[in-house]
Amino acid sequence: MRAGVYRGAGRMPVEEVPEPVAGPRDIILDVRACGVCGVDLHAFNAGDDTLLGQIMGHEFSGAALYVGREVDGIAVGDRLTGLPIQPCGRCRRCLGGAVHLCEVWATRSIAFGLPGAFAERLRIPDAVLGGNVHRLPDHAAFTDGAMVEPTAVAVHAVAQAQPPVGEPAVVLGLGPIGIQAGQVLLAAGAGPVIGVDLSPLRREAGARLGMITIDGAGGLDGIRAGLHAAIGEREVAVVIEASGDARLVPQAIELVRPRGTVVLVALYRRLSEFDAMAAVQREVTLRGSVNVTPPDFREAITLLDQRRVRMPPLITHRLPLAEVEQAFRLQADAASSVKVMVTQD
Ligand SMILES: [Zn+2]
Ligand SMILES: [Zn+2]
């Protein structure tokens, strides 16, 4: 079969690779859509040598092509998406209940150690319906299904924030995770939700999905002015930092109210410098958020099923597998894309 194979910084040629081989507890998926994620992009741009030869792609959907005889409840032809992370179940983190922080997940998961979904077909190991494999709602397109994983990342981040109902929340960075965090905040009853980004295209997508948006070009003063116009003297209970710009971490701490929560859900290339006293004297809670748990994934499916989050406004580009490298370049251009999908229709 054909797959995009990571061959160093900026290079992902489509090559002929071996067909996946399924065991009795596995599924083979005929991949229909796979999103380009910031995590993939980070490695693609940085030239991470440890990933040479990796088939990336962990935001996928498709139709079951083969179902192992020990897999329950799934039939050939079912429209599916799945959780890429395969925790080991035996390490301290897994035994402590934090399976998404499994000490070895990155060596044994789809697109992290195992082949990913920028490929014609994908093996899902140890498939469990409702666990690491989920049926798509009937109304959902395959591209919607490929958005479930990043939506679950947003569900996880919002859960760290525990947003109070009816209180303002801010999202810094309206990439796919930021926009989904905005939708999940609104679904959780927070509001208004104010999104900040430099890209007019991304602000427009956020606005279509119910957020008030502010151009980040004006820095902290500009955000403060925009916030005042939007919510007057009301205070911000929660800030989700989803831009990955280390300079916005101190701004997030400044923007949140005393006893508010800042959640960092991005990859940072640089160190961040912030006024620790601003956090101390206002008792700000600062939390990191990474990966997703099976309950986050189920919640994301439910939100899609109930149409409380919408996927199509985020999807700006669809490219065939043959153009996966171009898909990465488009995803890297925040001015002209929100979410780029590699599709096989
Ligand atoms: Zn991702
Ligand atoms: Zn583990």
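Definitions and cut-offs
- Each chain carries its own residue numbering, running from 1 in the written order of its sequence.
- Chains carry letters and ligands carry numbers; both start at the beginning, A for chains and 1 for ligands, and go up in the order they are written.
- Reporting of local features is limited, given that this is a predicted model, to residues whose pLDDT is at least 70; pairs of side-chain atoms are given and counted only at 80 or more, and all residues count toward the totals for whole chains, interfaces and linings.
- Side-chain measures here rest on the full set of heavy atoms in the structure, leaving out hydrogens and waters.
- Only one rule defines a salt bridge in this text: a Lys or Arg side-chain nitrogen within 4 Å of an Asp or Glu carboxyl oxygen.
- A helix here means a DSSP run of H or I that spans at least four residues, while a strand means a run of E at least two residues long, and both kinds are numbered starting from the N terminus.
- Whether a residue is buried, partly exposed or exposed follows from its accessible area with a 1.4 Å probe, protein chains only, as a fraction of its type maximum: under 20%, in between, or over 50%, in that order.
- Atoms of type N, O and S within 2.8 Å of a metal are treated as its donors, and for Na, K and Ca the window is 3.2 Å; water is not considered, so some sites may appear to be missing partners.
- Whether two residues are in contact is decided by their heavy atoms: any pair within 4.5 Å suffices.
- Along the arc lie the directions from the helix axis toward the C-beta atoms.
- Each label reflects the angles at the metal, where four donors whose angles all fall between 85 and 135 degrees are tetrahedral, four or six donors whose opposite pairs open beyond 155 degrees and whose other angles stay between 65 and 115 are square planar or octahedral respectively, and the rest are irregular.
- The span you would expect from a helix comes to 1.5 Å times its residue count less one.
- UniProt positions are given in the numbering used here, feature names are shortened, and annotations may be inferred rather than shown by experiment.

Draft legend 1. Representation of the pattern of salt bridges in the model. Scanning the model with the defined rule gives 17 salt bridges in all. For the salt bridge of Asp26 with Arg123, the shortest nitrogen-to-oxygen distance reads 2.7 Å. Taken together, the residues span a long stretch of sequence, with Asp26 in the loop between β2 (14–16) and β3 (27–35) and Arg123 in strand β8 (residues 121–124) at a distance of 97 residues. With relative accessibility at 6%, the residue Asp26 sits in the buried group. Judged by relative accessible area, Arg123 falls into the partly exposed class, the value being 27%.

Draft legend 2. Looking closely at the coordination of the zinc ion (ligand 1). Around the zinc ion (ligand 1), the protein contributes the donor atoms Cys37 (SG), His58 (NE2) and Glu59 (OE), which lie 2.1 to 2.5 Å from the metal centre. For the zinc ion (ligand 1), the single-chain donor residues occur in sequence as C-x20-H-E.

Draft legend 3. Summary view of the environment of Gly216. The topology assignment puts Gly216 in the loop between β12 (212–215) and α7 (219–231). The spacing of Gly216 and Gly195 is 21 residues in sequence and 9.2 Å in space, taken between C-alpha atoms. Excluding residues that lie within four positions of it along the chain, Gly216 makes contacts with Val196, Asp197 and Leu198.

Draft legend 4. Structural view of helix α11 (residues 324–332). Every buried residue belonging to α11 is among Val324, Ala327, Phe328, Leu330 and Gln331, and all of these are buried. For α11, the arc enclosing every buried residue in end-on projection is 165 degrees, short of the 170-degree limit, so these residues lie on one face.

Draft legend 5. The arrangement of the coordination of the zinc ion (ligand 2) in detail. Coordination sphere of the zinc ion (ligand 2), protein contribution only: Cys88 (SG), Cys91 (SG), Cys94 (SG) and Cys102 (SG), at 2.3 to 2.4 Å. Coordination at the zinc ion (ligand 2) is tetrahedral, judged from the 4 donor atoms that bind it and the angles of 104 to 117 degrees they form at the metal. All donor residues of the zinc ion (ligand 2) come from one chain, and their arrangement in sequence is C-x2-C-x2-C-x7-C. A residue is classified by how much of its surface remains accessible, and Cys94, at 8% relative accessible area, is buried.

Draft legend 6. Region of interest: helix α10 (residues 294–305). Taking 1.5 Å as the rise per residue, α10 with 12 residues should run 16 Å; its terminal C-alpha atoms sit 16 Å apart, in good agreement. Along α10, the residues classified as buried are Asp296, Phe297, Ala300, Ile301, Leu303 and Leu304. Down the axis of α10, the buried side of the element spans an arc of 160 degrees, and every buried residue falls inside it. Its buried side turned inward, α10 meets β5 (79–82), β9 (133–135), α3 (142–146), α4 (148–161) and α5 (176–187). Looking one or two places after α10, you find Arg307, whose phi comes out positive at around 55 degrees.

Draft legend 7. The UniProt feature "domain: Alcohol dehydrogenase-like N-terminal" (unreviewed entry) in the protein chain, seen in detail. Under the UniProt annotation, "domain: Alcohol dehydrogenase-like N-terminal" (unreviewed entry) lies at residues 23–128. From the first C-alpha to the last, residues 23–128 spans 14 Å; its make-up is 12% helix and 28% strand.

Draft legend 8. Molecular detail of the side chain of Thr261. Relative to the assigned elements, Thr261 resides in strand β14 (residues 256–264). Residue class for Thr261 comes out buried when judged on its relative accessible area of 11%. Excluding its chain neighbours within four sequence positions, the residues that come into contact with Thr261 are Gln160, Ala161, Ala237, Val238, Val239, Val256 and Thr285.

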